[in-house]
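Summary of structural features
Read off the chains here:
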Amino acid sequence: MKVVHLGPKATFNHFTVVKAFPNEEIVPMMTIPECLDAVMADQADVAVVPLENALEGSVTITLDYLVHEVKLPIQGEINTPIQQHFMVHPHNRDNWRRVSCVYSHSHAIAQCHKFLHHELKGVPSDRMTSTAAAAQFVKENPQLNIAAIASELAAKEYGLDIVRPNIHDYSHNTTRFIVVSKKPVEFPETDCSINGKKTTLMIELPENHPGMLHTVLSAFAWRKLNLSKIESRPMKTGLGKYFFLVDVEMELDEVLIPGTIQELEALGCKVSILGSYQSFSIKGLQS
Ligand SMILES: O=C(O)C(=O)C[C@]1(C(=O)O)C=C[C@@H](O)C=C1
């Protein structure tokens, strides 16, 4: 099985794939859309991409690309603990407080806002395609006094020195990665722990119905269906037009979820199932 992920080597995404699919062919891609396109075009069997971070929220490119560009079902999710470190080229180790720019993935920069604000006030940060791409860039430019925010694995892989470990704003930093594939995916026995099952629904509301969101939520509430997430995203068809993504904490069954969908459709909503899947968590930390 060929599994693609946001690369290069030593992203959090790469670490997640190695933990979840240790015996498969693992191939890095430059961007999240490239990962999803590869599965769509049958150049890969599975893509594992980030969907949501506990500190910074949704990875909107993943969400939007799945809804608007490719129709690929979610076959699983993996929650990975995230520890962000501040690293420089060994040449610049003693000079790190005078770096001219900090590079990382936009989500990683946002997860370390307090550190950047308090300790490197006025130093610009610039986004890269991933944390590991930032680490690689710092390694390739020892003549520049610049830094990367990335994982311990990335520091090892690209020969950088961690000068400030654990700079993420809150300790419970976790990213939720989704596993998408045209076919059901078998998860091998690994050291990932098994959480519950989930079903993700996309709901478009009919226009101009006062109280419609309340009515939609009550279809879940009276069936006692637990929701772990609700998020609105623009339809991209005009200002004020949104769809809702809802995570239900149970597997797609034959009664409760189909009954909810029927009720919502009778109210004029459009509902699609983005996936019904097992959730896993990676137990070990990175080193
Ligand atoms: O850049 C990486 O290392 C990634 O795996 C991507 C990503 C993300 O898209 O949110 C994943 C986990 C971290 O939250 C930071 C970045």
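Residues numbered from 1 in each chain as written. Predicted model: local features only at pLDDT ≥ 70, side-chain atom pairs only at ≥ 80, totals over all residues. Heavy atoms only, no water.

A look at the UniProt feature "domain: ACT" (unreviewed entry) in the protein chain
To keep things clear, this is the line we draw: UniProt positions are given in the numbering used here, feature names are shortened, and annotations may be inferred rather than shown by experiment. In DSSP terms, a helix is any run of H or I states spanning at least four residues, a strand is any run of E spanning at least two, and both are numbered starting from the N terminus.
Following the UniProt record, one finds the feature "domain: ACT" (unreviewed entry) at residues 201-278. Between the end C-alpha atoms of residues 201-278 the distance is 15 Å, and the span holds 27% helix and 36% strand.

Things to note about the packing of aromatic side chains
The geometry of an aromatic ring pair is captured by two quantities: the separation of the ring centres and the angle between the planes. For clarity, the threshold we go by: For Phe, Tyr and Trp, where Trp contributes only its six-membered ring, two rings pair if their centres lie within 6.5 Å, and the inter-plane angle classes them as stacked under 30 degrees, edge-to-face over 60, or tilted in between. Each residue is placed in one exposure class: buried if its accessible area under a 1.4 Å probe, protein chains only, is under 20% of its type's maximum, exposed if it is over 50%, and partly exposed if it falls in between.
Counting across every chain of the model gives five aromatic pairs. A centroid spacing of 5.5 Å and a plane angle of 65° characterise the contact between Phe 86 and Trp 96, whose relative ring orientation is edge-to-face. You can see Phe 86 sitting in strand S6 (residues 85-88) and its partner Trp 96 sitting in the loop between S6 and strand S7 (101-104), a full 10 residues away along the chain. By the burial criterion, Phe 86 is buried, and Trp 96 matches it. An aromatic cluster is built from Phe 21, Phe 187 and Phe 280, whose rings are joined through pairwise contacts.

Concerning the side chain of Lys 229
Counted only if it meets this: Whenever a nitrogen or oxygen atom comes within 3.5 Å of another N or O atom, the pair is scored as a polar contact, on the condition that within protein one atom can donate a hydrogen and the other can accept it, and that pairs from neighbouring residues in sequence are kept only if both atoms are in side chains. Contacts are assigned to residue pairs with any non-hydrogen atoms lying within 4.5 Å of each other.
With respect to the secondary-structure elements, Lys 229 resides in strand S13 (residues 227-234). Looking at Lys 229, the relative accessible area reads 16%, which means it is buried. Of note is the side chain of Lys 229, whose polar atom sits 3.0 Å from the side chain of Glu 231. Beyond its immediate sequence surroundings of up to four residues, Lys 229 is in contact with Glu 52, Ser 58, Arg 176, Leu 245, Val 246 and Asp 247.

Here's the deal with the pairing of S7
The line we're drawing: A pair of strands counts as paired when DSSP detects no fewer than two bridges linking them.
The alternating pattern of S7 places Cys 101 and Tyr 103 on one face and Val 102 and Ser 104 on the opposite face, and all of these are buried. In the sheet, S7 pairs with strand S9 (residues 146-150) via three bridges, with the strands oriented parallel. Note that in S9 the partner of Val 102 across the bridge is Ala 147. With three bridges joining them, S7 and strand S8 (residues 125-127) adopt parallel strand pairing. Across the sheet, residue Val 102 finds its bridge partner in S8, namely Ser 125.

Considering the sheet that holds S9
Put simply, the rule reads: Every axis corresponds to a line fitted to the C-alpha atoms, with the helix fit spanning only the stretch in contact, and the corresponding angles, defined between N-to-C directions, vary from 0 to 180 degrees.
In space, the five strands of this open sheet follow the order S8-S7-S9-S6-S10, with mixed pairing throughout. The two strands at the open ends of the sheet, each matched to only one other strand, are S8 and strand S10 (161-164). Each neighbouring strand pair of the sheet contributes to a mean axis angle of 35°, computed without reference to strand direction. This element, helix H6 (residues 131-140), spans S6, S7 and S9 of the sheet and lies at about 155° to S9.

Description of the pattern of salt bridges
Heads up, the rule is: One side-chain nitrogen of Lys or Arg within 4 Å of one carboxyl oxygen of Asp or Glu is enough to make a salt bridge.
Across all of its chains, the model carries 17 salt bridges by this definition. Salt-bridge contacts for Lys 236 lead to Asp 64; the nearest nitrogen and oxygen are separated by 3.0 Å. Of this pair, Lys 236 sits in the loop between S13 and strand S14 (242-248) while Asp 64 sits in helix H3 (residues 60-69), placing them 172 residues apart in sequence. Accessibility expressed as a relative area gives 9% for Asp 64, which makes it buried. With its nearest N and O atoms 2.8 Å apart, the salt bridge here joins Glu 263 to Arg 223. You can see Glu 263 sitting in helix H9 (residues 256-266) and its partner Arg 223 sitting in the loop between helix H8 (212-221) and S13, a full 40 residues away along the chain. Arg 223 gets classed as buried once you look at its relative accessible area, which sits at 15%.

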